[in-house]
Amino acid sequence: MSPLLYVAQRGTAVILAVAVAVHLGTILYAVRGGLTAGEILGRTQGNLAFLLFYGTFVVAAAIHAPIGLRSILREWTPWRGRSLDGAMLGVAALLVVLGLRAALAVYVA
Amino acid sequence: MNAPVPNAAPRDPTVEPAAGAMLTVRIRRDDGFQTFTLARRPAQTILDVVTAIQREQDPTLAYRFACRVGMCGSCAMMVNGRPRWTCRTRVAAVAEGDALTLEPLRNLPVVKDLAVDMEPFFTKWTAAHGAFEPGETPLGDFAVVAPDSPERRAVDAGIECINCGVCYAACDVVSWNPDYLGPAALNRAWTLINDVRDQGREARLDAVSGDAGCQSCHTHMSCTEHCPKALAPTFAIAGLKRETARTALRRFGARHFRRSA
Ligand code: HEM
Ligand code: SF4
Ligand code: SF4
Ligand code: FES
C-alpha cells in the first residue's frame, strides 16, 4: 500500500478505536436497566449527535477495512492491479451506503 | 514449506552427549528427504554435522559456508524448521532428542540440496537503495556525527547486518508476497536514511514504499526473533513507515495546500 493509504488506515484505526469503545460503552450503559426498541429509538430519533457519531464511525470503517482487505487479498490470492483497487473502492462505497442508510434509518425512524 | 515453528525452549548447549550417542539427520535433497546417522560429539555444530556427512558419507551433498565463525553469512539453513546460522548453532542446543532436520533456507530458490540462490535477496537489497548515495557533489567537509545523536544510534542499531538471509527466511510476508523487499533490505535502507552524509533520501523513501515496501510489513517480529546478530528489522521498518508517512503528508500538503513558489 502507498504511504498515504497507510496513513489513512492507521488514522482511521485511531477513530475506530475510540468509536468502538464509545459504541460498546453506550450499549452497556443504555441497556443496564433494560430498554425496549421503542425507548432506544425515542432517544436516537432526531438526535444530531447520534447521527454525526455514527456517520463518522461508518466513514472511518469504510476507509479502514477495504485498505486492509486489499492487503489480505494480495497476500492470499493472485488478485492484483486495477481490478482489485476498483473492487476495494466498491467495498468502500458499499460500506458507506449500507452504514449511512442504517444510521439514517434510526435517526429518522 | 511451513512457517518457522514456535521457539523451542533453548537447551543448555554445554551439556555433552552421552558416550556413543548417535545423531539421526534428515536432509532435504533435490529428490526428497535422505536420512544419515553419525556420532554425536562434544561442542558439535550443525555445520560440523553437514561437513562430516559430506566428507564421510556422501560427497555429492551440496551446502555453503565460508568463515565458520559467524562473520560471512553464507551458512544459513533451516534447522528443525527454523532459520539459523549452522556454524554458530550447537547440535546440543537444537536437536530434538537425537534428531535433526535440515532444509535449505526458506523463501529462496534452491540451487542444490542445502544451497540456495541468494540473488533475489540481493536484488531486493539493491531495489531498496541499499547502497550509500554520495550525491552529485560530495560534501565539502567531513560530516561530524555525534556518537549519541538519535540518527547515529539508529544506524548503530542496524549496521551489523551480514546479509545471511535468516530474517528473510523467517518472514511470512516474503512467502505470501514474493515482491516484498523483506526485513534485511528494509533494515539496510533505514540505516542509510539515518546516515547524515547520504544524499539519496527522497528516492530511497520512494523505493521502500508501496506494496513491495515497508507498509506491507505486519510487525510479526519473526525477523527480529531470528536475527543471529540480534538486530531488530521490525523496528527499522517501523521507522521507515513513520518517515515515509511524514514525507508523503508533507508532499501531499505541498501539492494541494501551498502555492508553488
Ligand atoms: C478498534 C478499532 C480498530 C483498530 C484499532 C484497528 C487497527 C488496525 C491496524 C493497526 C491494522 C493494520 C494491521 C497490519 O498492518 O498488520 C488493521 C488492519 C485491518 N483492519 Fe482494523 N482496526 C479496527 C477496527 C476494524 C474494523 C471495525 C474493521 C472492519 C470493518 C477492520 C478491518 C481491518 C482489516 C480487514 C485489516 C487488514 C488486516 C491486516 O492488514 O492484517 N478493522 N486494523
Ligand atoms: S538482519 Fe540479521 S538475520 Fe537479517 S540478514 Fe542481517 S544479520 Fe542476517
Ligand atoms: S516484522 Fe515485518 S519484516 Fe519482520 S518478519 Fe514480520 S512481517 Fe516480516
Ligand atoms: S560460515 Fe560464515 S556465518 Fe556461518
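Just so it is clear, the model here is predicted, and its values are computed rather than measured.

Please explain the site of ligand 2 as it appears in this structure.
Taken together, Cys161, Ile162, Asn163, Cys164, Gly165, Val166, Cys167, Ala184, Cys227, Pro228, Lys229 and Leu231 of chain B make up the full set of residues near ligand 2. Here the shell around ligand 2 is composed, by residue class, of 9 nonpolar, 2 polar and 1 charged.

Explain the side chain of Thr101 of chain B here, please?
Residue and element names in this part refer to chain B. Of note, Thr101 is situated in strand β5 (residues 99–103). Judged by its relative accessible area of 17%, Thr101 is buried. Looking at Thr101, its side chain comes within polar contact range of the side chain of Arg26, at 3.3 Å. Not counting residues within four places of it along the chain, the set of residues in contact with Thr101 comprises Arg26, Phe33, Met78, Val79 and Asn80.

Looking at this model, I keep getting lost on the sheet that holds β5 of chain B. Mind explaining?
The pairing of strands in a sheet comes from backbone hydrogen bonds and takes either a parallel or an antiparallel form. Residue and element names in this part refer to chain B. In space, the 5 strands of this open sheet follow the order β2-β1-β5-β3-β4, with mixed pairing throughout. One side of each edge strand has no neighbouring strand; the edge strands of this open sheet are β2 (32–39) and β4 (82–85). Strand-to-strand twist of the sheet, defined as the mean angle between neighbouring strand axes without regard to direction, takes the value 35 degrees. Strand direction decides the pairing type here: strand β3 (residues 76–79) and β4, joined by 4 bridges, are antiparallel. Following the sheet pairing, Met77 is matched in β4 by Arg84.

Which parts of the structure should I look at to understand the packing of helix α7 (residues 183–193) of chain B against helix α10 (residues 233–256) of chain B?
How two helices pack is summed up by the angle between their axes together with the distance between the axes. Residues and elements named next belong to chain B. Where α7 meets α10, the axes come as close as 8 Å, and the angle between the chain directions of the two elements is 60 degrees. Taken as axis vectors, α7 and α10 run oblique relative to one another. Judged by the sense of rotation from one axis to the other, the crossing of α7 with α10 is left-handed. Every residue of α10 that contacts α7 at Pro183, Leu186, Asn187, Ala189, Trp190 and Ile193 is listed here: Pro233, Ala236, Ile237, Gly239, Leu240, Arg242 and Glu243.

I'm lost on the pairing of β5 of chain B in this one. Help?
Taken residue by residue, a regular strand's side chains alternate between the two faces of the sheet. All names here are of chain B. Counting buried positions along β5 gives 4 out of 5 residues, so the element sits mostly inside the fold. Examined bridge by bridge, strand β1 (residues 22–29) and β5 share 4 bridges and lie parallel to one another. Bridge pairing in β5 links Arg26 to Thr101. Pairing of β3 with β5 involves 2 bridges; the strand directions are antiparallel. Along β5, the bridge assignment pairs Met78 with Glu103.

Conventions used here
Residues numbered from 1 in each chain as written. Chains lettered and ligands numbered in written order. Predicted model: local features only at pLDDT ≥ 70, side-chain atom pairs only at ≥ 80, totals over all residues. Heavy atoms only, no water. Near = heavy atom within 4 Å. Nonpolar A, V, L, I, M, F, W, Y, C, P; charged D, E, K, R; others polar. Helix = DSSP H or I, 4+ residues; strand = E, 2+ residues; numbered from the N terminus. Buried < 20%, exposed > 50% of the residue type's maximum accessible area, 1.4 Å probe, protein only. Polar contact = N/O pair within 3.5 Å; in protein donor to acceptor, adjacent residues only side chain to side chain. Contact = heavy atoms within 4.5 Å. Pairing = 2+ DSSP bridges. Axes fitted to C-alpha atoms, helices over the stretch in contact; angles between N-to-C directions. Parallel < 35°, antiparallel > 145°, perpendicular 65-115°, else oblique. Left-handed = near helix turned anticlockwise from the far one by under 90°.

All we've got here are geometric facts, nothing functional implied.
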